[in-house]
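Structure at a glance
For reference, the chains in residue letters:
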Amino acid sequence: MNFTVINRDLQVGDIHIIAVTSSAVFLIGDADIINAASAFDTPPEALIIGPLVPLTPQG
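Since the model is a prediction, treat every value here as computed from it, not as a measurement. (Residues numbered from 1 in each chain as written. Predicted model: local features only at pLDDT ≥ 70, side-chain atom pairs only at ≥ 80, totals over all residues. Heavy atoms only, no water.)

Overview of the overall build of the protein chain
Helices and strands together make up the secondary structure of the protein chain, namely 0 helices and 0 strands. By the compact-globule yardstick of 10 Å for 59 residues, the protein chain is too spread out, its C-alpha radius of gyration being 18 Å. Once the C-alpha set of the protein chain is aligned to its principal axes, its extents read approximately 50 × 40 × 20 Å. Per-residue burial over the protein chain gives 0% buried out of 59 residues. On the protein chain, roughly 6700 Å² of surface is accessible, and the fraction owed to carbon and sulfur atoms is 55%. (Helix = DSSP H or I, 4+ residues; strand = E, 2+ residues; numbered from the N terminus. Rg over C-alpha atoms; globule rule 2.2 N^0.38 Å. Buried < 20%, exposed > 50% of the residue type's maximum accessible area, 1.4 Å probe, protein only. Areas by Shrake-Rupley, 256 points an atom, 1.4 Å probe, with all protein chains shown as cover.)

Considering the environment of I28
For I28, a relative accessible area of 40% puts it in the partly exposed group. In the structure, I28 is positioned 26 residues away from N2 in sequence and 25 Å away in space, judged by C-alpha atoms. Among residues more than four places away in sequence, those in contact with I28 are L10, V12 and I15. (Contact = heavy atoms within 4.5 Å.)

All we've got here are geometric facts, nothing functional implied.
So, in C-alpha cells, the structure goes:
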C-alpha cells in the first residue's frame, strides 16, 4: 500500500471546548512524537468519582 501525505497550511479559527477528560490530548497541527505517562499512588478506596466539572466560560 502506498500512502502519500501532503501537508498544507492550516488555519484554525475559534475553538470551543466544553470539558476535558482526565486523560486527554488536544492537538492542532503536526506532532512527531507524543509521550504520555501516568502514575497512580492513591489507594482505590480513596478515589472519588463524581460529575465532571466544566471549564469556566471566558466572557
